[in-house]
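Each chain, written out:
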Amino acid sequence: MVRGILGVLAGFVVFIGAATLLNLLMRSRWRAYASVEAAMNFTNGMMAARLLVGVAATFAAGAVVARVSRGDSRSIWAFGLLMLGLFCAEHYALWHRLPIWYHIVWLGSILPMTLAGAEWGGRRLSPSRQPGDRR
C-alpha cells in the first residue's frame, strides 16, 4: 500500500516536472507560441503541440507509477482517475476558451496514456516480477 501511494505521488511529480520542462522548451523555441500563451489564443498547431506535451508527460507519469508501485493496478488506475478528475475540473473552467475537440482529445487521452505508460514501465520490471506481484 505504501509503494502504491508513493507511486501515485511520484507520478504527479513526474507529470508536473515533464509538462513544465516541455512547456518551457516549447516557449523558448517557439516565439509565436510564447506570445499567445497567456491569452490562450492558440493556432491548431499550437494546440496539437500542447496535447503532445500532455500525452508525453502522462505516459512518463504512468510509467513511473508502475515502476514505483511495482505494477500495482490499483495505484495505476487511481493515478489515472485522479488525473482525469483534476483535468475535468480544469477544463470545465476553460471550456469557453478552447475548441471542443481539444477538450475531447485531452480528456480522452489521459487514461489510455496512463495505462500505456504503466504497461511500458511494468515491462521494465525484472523478469521474475510481474505487475501486481507483492513479493
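Residues numbered from 1 in each chain as written. Predicted model: local features only at pLDDT ≥ 70, side-chain atom pairs only at ≥ 80, totals over all residues. Heavy atoms only, no water.

Topic: the overall build of the protein chain
Scanning the protein chain for helices and strands turns up five helices and zero strands. Here the C-alpha coordinates of the protein chain stretch approximately 50 × 30 × 20 Å along the principal axes. When each of the 135 residues of the protein chain is scored for burial, the buried share is 40%. Intrachain contacts of the protein chain at a sequence separation of at least 6 include 74% that bridge at least 24 residues. With an accessible surface of roughly 7800 Å², the protein chain has 67% of that area assigned to carbon and sulfur atoms. (Helix = DSSP H or I, 4+ residues; strand = E, 2+ residues; numbered from the N terminus. Buried < 20%, exposed > 50% of the residue type's maximum accessible area, 1.4 Å probe, protein only. Contact = heavy atoms within 4.5 Å. Areas by Shrake-Rupley, 256 points an atom, 1.4 Å probe, with all protein chains shown as cover.)

Quick look at the packing of helix H3 (residues 44–68) against helix H4 (residues 73–94)
Relative orientation of the contacting elements H3 and H4 amounts to 150°, with a least axis distance of 9 Å. Judged by the angle between their axes, H3 and H4 are roughly antiparallel. Seen along the crossing, H3 lies across H4 with a hand that is right-handed. Where H3 abuts H4, its residues Thr-58, Ala-61, Gly-62, Val-65 and Ala-66 lie against Ser-75, Ile-76, Phe-79 and Met-83. (Axes fitted to C-alpha atoms, helices over the stretch in contact; angles between N-to-C directions. Parallel < 35°, antiparallel > 145°, perpendicular 65-115°, else oblique. Left-handed = near helix turned anticlockwise from the far one by under 90°.)

Focus: helix H5 (residues 100–123)
For an α-helix the count is 3.6 residues per turn, leaving residues at separations of three or four pointing the same way. Relative to the 34 Å expected for 24 residues at 1.5 Å per residue, H5 spans 35 Å between its end C-alpha atoms, a close match to the ideal helical length. The sharpest bend along H5 comes to roughly 35°, located at Ile-110, with the proline Pro-112 sitting one to four residues further on. Among all positions in H5, only Tyr-102, His-103, Trp-106, Leu-107, Ser-109, Ile-110, Leu-111, Thr-114, Gly-117, Ala-118, Gly-121 and Gly-122 are buried. Considering only its buried residues, H5 is in contact with helix H1 (2–29), H3 and H4. (Expected span 1.5 Å × (residues − 1). Bend = angle between axes of the 7 residues up to and from the residue.)

Points about the packing of H1 against H3
It is at 7 Å that the axes of H1 and H3 come closest, and there the two elements cross at 155°. It follows that H1 is roughly antiparallel to H3 by the angle criterion. Read as a crossing pair, H1 and H3 show a hand that is right-handed. Taken together, the residues that form the contact of H1 with H3 break down as 18 nonpolar, five polar and three charged. (Nonpolar A, V, L, I, M, F, W, Y, C, P; charged D, E, K, R; others polar.)

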